[in-house]
Amino acid sequence: MNLSYLDSIFEPIALVDESGKLTYYNHYFSSFFKASPRVLKKIKGINELFSGFDILDLLSKSKESNSIQVSKEVLINLNDMSEYHVVFKIVPQDDQQYLICINDISIEKNLYTKYRYQIDELKSIHNQIIQADKLTTIGEITASISHEVSNPLTIASGTLELLKALTEEGDLDSQSEMINTCINDIDESFSRINSIIKGMKNFLHQNEEDHLEYIAIEDSLNSALNLLEGTIKQNNIKVTSPQSENSIVFANPTKLEQVFINLVKNSVDALSNQADSEIEIKLNQTNVCYEIDFIDNGIGINDESKAKIFESFYTTKDVGEGTGLGLAISTKIIESYQGSIELVDSNKGAHFKITIPKMELTSVSNTTLASGIDTDSNFLSILVVDNEPKILNLLNNYISELGHQLICASNILEAQKTIDNYDVDLIITDFFMPQGNGDELAKAIRDKQIETPIYYLSAKIEDSKLKQDMDKFNISGLIDKPFEKKDIEEVLCKVVGSKK
Amino acid sequence: MSDKLSIETVIEKGVADIKLSGQIDEDSDFATITNIGCHTLNFNFDKVTLINSCGVREWINYIEGIEENAKIIYHNCPQIVIEQINMVHGFIKKGTKVESFYAPYYSEDDDDVVKILLRTDEIVEGKAPEKKSESGEELEFDAIEAQYFQFISQMDS
């Protein structure tokens, strides 16, 4: 072997005989072990240069098998007590010598540890910033929240006085209708107060992790508008919101609400002291995403601000009136769900568009089907079709706990697209759904000669209809609503059994 | 315990004496000695305890930012720094001088290695100068001369 090549290599390299005695080493070998030629001349074997790994054992394996042996990452101690993470590679040579190459990965390991620590720190700081922004928002709308709470309190107080007067008159039977009305009014007032307080508490609840669940965009929008109701009324703003139902995404409900609050509040601030103020919220969909538009007829955003508006700490408001974090945080939140927020060109007012993937897309991309990981015969990939986020979340929890994987669809059209593109082991479908019932889905599946087991999920299906569909579409059974985990487990066990 | 890099700087009449202590690594920050506008920079590496590959990168980035016509002189370079100078292109910028450095010498009587401070101009034709211990014993240069003094040719080029 031409050893001059080895002298040029930037890694510690040595040649040893069968007993581990050094017959050659390059300059970097001497540097790495901090051993001068004088020291290296004296040692009997390479194993004397460090501890923590049995290099002679690896050498003997290489000798026995006459093949290259590579160690896993090991931590060695040199004679000066310094530690290094290395990988050894032993390559047998023709002349009964062995080439030992040492890959020092100490720096990579150290950098990786630091990187992980700093990422965790950043996540923690990011959560603190989000929480601070929430507190600021609540602080800004406290006055109107107080107003909102005092209104129903006043109603309840006044109604209670009336009730007191009625009961003191003594003739309760003749006044029963009025008394019931008073009781209902008081109940509604306290419900309203409860709803406001609960909304605030939920909004302020600090999430340590980004807990994701299936949620309807409309529900998050309504919660946000509920919290801002006082502010909106105070400013005489007309708000129109979407009339659709159950546009389901996979996100953190509190964070999504925070995004909506930030956008609506910005519009409210832009519309203050303006007559005929309007905020229009629209919800549309494409094949893969929902698009939510927030459009106001306020003063708009000047060209200079347009370029900077999504930057942290940029604000057009006076000192003390805005942190400049709302849009920056909102963008980070939406981008974490593979969505986007953009400012749309507009002749009047401001127009923001949020794009967020439909839950069908998110749920497919999160599965092992997309990642290509092999799974055994006990593992099921299950398509659940239901337009109720609560049912999807419940099934998601149960099915994940049982060790299987869930893909979701909120209607039969999305379900069919999923089935066309991916193999699933089981389909659980709600029966009654707004955009098509479970039996239509079953027919479409069987028409394509797909034999995947199908279970209906329903509280209201009649026995005769079930029997008919079992015959016609080979429906495997019914899961009654309300269901428990053991009901799902039973179905999954049956499917696993027949899969084997 | 982390031996974070500390830097002490004394500037007089356009000459900066910069003393580096601790580890030169990925966390080292040279901001305090960036753009100091001196025509001569004397770097004293005597108290540098470690320099890893990330530290080398940081050092090279820093050095490349120094003005072209500034004079750069390295003093009291420990063995770990000399080894990096010999291994990594760019550690010695064109025009940089290594004034002094430590070299390992072995004492047979004590069976120990001592680090002796040498001036670069003591190295003639790539040979380590003869050194004696306090007791008069002739010490043996404990490295390969051609490899250890390689940086001198980098300085000349």
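The text that follows walks through the structure, step by step, so that each part is easy to find. (Residues numbered from 1 in each chain as written. Chains lettered and ligands numbered in written order. Predicted model: local features only at pLDDT ≥ 70, side-chain atom pairs only at ≥ 80, totals over all residues. Heavy atoms only, no water.)

## Details of the sheet that holds strand E18 (residues 454–458) of chain A
Two modes of strand pairing occur in sheets, parallel and antiparallel, and in both the strands are linked by backbone hydrogen bonds.
All names here are of chain A.
Part 1 of the reasoning: Within the open sheet, the 5 strands sit side by side as E16-E15-E17-E18-E19. Their pairing is parallel. Edge positions in the open sheet fall to strand E16 (405–409) and strand E19 (477–480), since each of these has one partner strand only. Between one strand axis and the next, the sheet turns through 25° on average, direction left out of account.
Part 2 of the reasoning: Sheet analysis places strand E15 (residues 381–385) next to E16, joined by 5 bridges and oriented parallel. Across the sheet, Val-384 pairs through a bridge with Cys-408, a residue of E16.
Part 3 of the reasoning: Against the sheet, helix H16 (residues 438–447) makes contact with E15, strand E17 (426–430) and E18, and its axis sits at roughly 170° relative to E18, the strand it touches most. (Pairing = 2+ DSSP bridges. Helix = DSSP H or I, 4+ residues; strand = E, 2+ residues; numbered from the N terminus. Axes fitted to C-alpha atoms, helices over the stretch in contact; angles between N-to-C directions. Contact = heavy atoms within 4.5 Å.)

## Describing the nonpolar core
Residues and elements named next belong to chain A.
Part 1 of the reasoning: Ile-217, Phe-260, Val-264, Ile-292, Phe-294, Ile-354 and Ile-356 are the most contacted members of the largest nonpolar core, which totals 47 residues.
Part 2 of the reasoning: Considering every element that reaches this core, the biggest residue donor is helix H9 (residues 253–271), with 8 residues.
Part 3 of the reasoning: Sequence-distant contacts of Ile-354, that is, excluding residues within four places in its chain, are made with Val-259, Phe-260, Leu-263, Tyr-290, Glu-291, Ile-292, Phe-294, Ile-334, Ser-340 and Ile-341. (Core = buried A, V, L, I, M, F, W, Y, C linked by side-chain atoms within 4.5 Å. Buried < 20%, exposed > 50% of the residue type's maximum accessible area, 1.4 Å probe, protein only.)

## Considerations on the side chain of Asn-393 of chain A
Residues and elements named next belong to chain A.
Part 1 of the reasoning: Tracing the chain through its elements places Asn-393 in helix H14 (residues 389–401).
Part 2 of the reasoning: Using a relative accessible area of 13% as the deciding quantity, one classes Asn-393 as buried.
Part 3 of the reasoning: Apart from the residues within four sequence positions on either side, Asn-393 is in contact with Glu-213 and Tyr-214.

## Details of the packing of helix H7 (residues 217–227) of chain A against H9 of chain A
Residue and element names in this part refer to chain A.
Part 1 of the reasoning: For the pair H7 and H9, the least separation of the axes is 9 Å and the interaxial angle reads 55°. Our classification of the angle between H7 and H9 gives oblique. Relative to H9, H7 is oriented so that their crossing is right-handed. Contacts between H7 and H9 involve Ile-217, Ser-220, Leu-221, Ser-223, Ala-224, Leu-225 and Leu-227 from the former and Pro-253, Leu-256, Glu-257, Phe-260, Ile-261 and Val-264 from the latter. (Parallel < 35°, antiparallel > 145°, perpendicular 65-115°, else oblique. Left-handed = near helix turned anticlockwise from the far one by under 90°.)

## A word on the packing of aromatic side chains
Residue and element names in this part refer to chain A.
Part 1 of the reasoning: Under the definition given, this model contains 33 aromatic pairs over all chains.
Part 2 of the reasoning: Pairing Phe-50 with Phe-88 gives two aromatic rings, centres 5.3 Å apart and planes at 20°, and the pair type is stacked. Taken together, the positions of Phe-50 in strand E3 (residues 50–51) and Phe-88 in strand E6 (residues 83–92) put the pair 38 residues apart, joining distant regions of the chain. Accessibility assignment for this pair places Phe-50 and Phe-88 in one class, buried.
Part 3 of the reasoning: Taking 4.9 Å as the distance between ring centres and 80° as the angle between the ring planes, the aromatic pair formed by Phe-431 and Tyr-456 counts as edge-to-face. With a gap of 25 residues between them, Phe-431 in the loop between E17 and H16 and Tyr-456 in strand E18 connect regions that are remote in the sequence. (Phe/Tyr/Trp six-rings, centres within 6.5 Å; stacked < 30°, edge-to-face > 60°.)

So, to be careful, I would describe these as geometric facts and stop short of saying anything about function.
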